[in-house]
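Close look at the chain arrangement
Chain by chain, the residues:
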Amino acid sequence: MTGRTGSVSPGAPTGCLAMFPGQGSQRPGMAGHLLDSYASARRLFAEADEILGLPLSRICVTGSAEELGRTEITQPAIATTSLATWDVLRAAGYRPAVTAGHSLGEYPALVAAGVLSLQSALELVRLRGRLMGDVAREVPGAMAAVLGLPADKVLAACDSAEDVGLVQVANYNEPLQTVISGHARAVEEAGRVALDAGAERVVPLDVGAPFHCSLMRAVEEEFTDALAARPFADPVLPVISSVTGTYVRSGEEARELLRRQLTGPVRWVDVLRTAARHPVGAYTEIGPGRVLSGLARRTLDEVRTRSTGDPRRLTALHGTLAPAAWQEPVAS
């Protein structure tokens, strides 16, 4: 690897990909084990509470599923839980070779890579969640996961529903799992066409807004202004963008990619394949849930995954941090 921006040479060492989850990974009590056991997590949550004027420390321990499901709460709650987990692991010596985040998860990934400060990331995430929630209240949108059908056929199903309304691919999650987003009736029609084309299932998603499609253009200008008002540094740790599936080369590029992320699809399959070429030999999910670990196992052959969303798994990873395989330094 050369420089600070993540260009990979054939001799780059094997290490870990630090993966930060996105919306949908939240669950009641998701930060309880962090706040109970780690002073650094308590400090970070206290700072987040003050930055945002939200009782995230309470919400992420005792908040209901309904409260956590509000987009303007969900996004800062997941980001803060992920960053608290990152702080715990970093203090124990965890040194990934590369980092990436799924949609919302790109914000904590950029904090981990030195691109954004904690305050900037949380303020942007809070605004992002509020703006997306505004779209949801004004547009009858929906999202659905299409399972068991290649992405090109899902794209064709979206095209066939264009007379009903707008529907587009929102997430390329794994080779046979593609999420679609748009007007509710158009999403339903594209799902029906996908089933006729051989999809195993079409699963409606319980989300607060039609993410990652052109309907989000309504809030793009306000969010672009917010991005312009925050400082972005060049990465000190390689980070792979979920917008392009390739390395982020500079702070200015990271800023532009976060703007594009509002309306563009999440290319998680490309993220994982880029990491595998790094080459990365281990995949660590940093934050609540195990969604990304499952996507990695179903996308790549014989991968080693770790998750950190509960006390047992976080403690188990803590105990393995001494071996070199889990303390790979950033190549230079």
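Quick summary incoming for the structure in this document.

Rules of the game
- Residues numbered from 1 in each chain as written.
- Predicted model: local features only at pLDDT ≥ 70, side-chain atom pairs only at ≥ 80, totals over all residues.
- Heavy atoms only, no water.
- Buried < 20%, exposed > 50% of the residue type's maximum accessible area, 1.4 Å probe, protein only.
- Helix = DSSP H or I, 4+ residues; strand = E, 2+ residues; numbered from the N terminus.
- Pairing = 2+ DSSP bridges.
- Polar contact = N/O pair within 3.5 Å; in protein donor to acceptor, adjacent residues only side chain to side chain.
- Phe/Tyr/Trp six-rings, centres within 6.5 Å; stacked < 30°, edge-to-face > 60°.
- Axes fitted to C-alpha atoms, helices over the stretch in contact; angles between N-to-C directions.
- Parallel < 35°, antiparallel > 145°, perpendicular 65-115°, else oblique.
- Left-handed = near helix turned anticlockwise from the far one by under 90°.
- Contact = heavy atoms within 4.5 Å.
- Nonpolar A, V, L, I, M, F, W, Y, C, P; charged D, E, K, R; others polar.

**Section: the pairing of strand β1 (residues 15-20)**
Counting buried positions along β1 gives six out of six residues, so the element sits mostly inside the fold. Taken together, the five bridges between β1 and strand β8 (residues 280-285) define a ladder with parallel strand orientation. Residue pairing across strands places Met19 opposite Glu285, the latter belonging to β8. Summarising the sheet, β1 and strand β2 (residues 98-101) pair through four bridges and their orientation is parallel. Across the sheet, the residue bridging to Ala18 is Thr99, located in β2.

**So, the side chain of His278**
Within the secondary structure, His278 sits in the loop between α12 (268-277) and β8. A relative accessible area of 1% means that His278 is categorised as buried. Here Tyr247 takes part through its side chain, which lies 2.7 Å from a polar atom of the side chain of His278.

**As for the environment of Glu67**
Here Glu67 is to be found in helix α4 (residues 65-68). Put simply, Glu67 and Pro28 are 39 residues apart on the chain and 9.1 Å apart in space, counted from C-alpha to C-alpha.

**Quick look at the packing of aromatic side chains**
One pass over the full model with this rule turns up two aromatic pairs. With centroids separated by 6.2 Å and ring planes inclined at 85 degrees, the aromatic side chains of Trp86 and Tyr94 adopt a geometry described as edge-to-face. For the residue pair Trp86 and Tyr94, the accessibility class agrees, reading buried in each case. Put simply, the rings of Phe20, Trp86 and Tyr94 touch in pairs and so form one group of aromatic residues.

**Considerations on the packing of helix α8 (residues 151-160) against helix α9 (residues 184-196)**
Remark: α8 packs on α9, axes separated minimally by 8 Å, with the N-to-C direction vectors making an angle of 135 degrees. When the axis of α8 is compared with that of α9, the two are oblique. Along this stretch, α8 crosses α9, giving a crossing that reads as right-handed. Contact with α8, carried on its side by Ala157, Cys158 and Ser160, involves Ala190, Val193 and Ala194 of α9 and no other residues of that element. Partitioned by chemical class, the residues of the contact of α8 with α9 number five nonpolar, one polar and no charged.

**Describing the sheet that holds strand β3 (residues 141-147)**
With antiparallel pairing, the four strands of this open sheet are ordered in space as β4-β5-β3-β6. The sheet terminates laterally at β4 (167-174) and β6 (201-204), the two strands that pair on one side only. In this sheet, adjacent strand axes meet at a mean angle of 25 degrees when their direction is disregarded. Together, β3, β4, β5 (177-183) and β6 form the strand contacts of α9, whose direction differs from that of β5 by roughly 145 degrees.

**Topic: the sheet that holds β1**
Taken in spatial order, the five strands make up an open sheet running β7-β2-β1-β8-β9, and their pairing is parallel. In this open sheet, the two strands that pair with only one neighbour each are β7 (239-240) and β9 (304-307). Relative to the sheet, helix α13 (residues 291-299) contacts β1, β8 and β9, its axis offset from that of β9 by approximately 175 degrees.

**Considerations on the packing of helix α5 (residues 71-91) against helix α7 (residues 118-138)**
For the pair α5 and α7, interaxial distance at closest approach is 7 Å and the crossing angle is 155 degrees. Taken as axis vectors, α5 and α7 run roughly antiparallel relative to one another. Considering how the two elements wind past one another, α5 and α7 form a crossing that is right-handed. Contacts between α5 and α7 involve Thr71, Glu72, Gln75, Pro76, Ala79, Thr80 and Leu83 on the former and, on the latter, Leu118, Leu122, Val125, Arg126, Arg128, Gly129, Arg130, Met132, Gly133 and Arg137. For the contact of α5 with α7, the per-class residue count stands at seven nonpolar, five polar and five charged.

What is shown is where atoms sit, not what they do.
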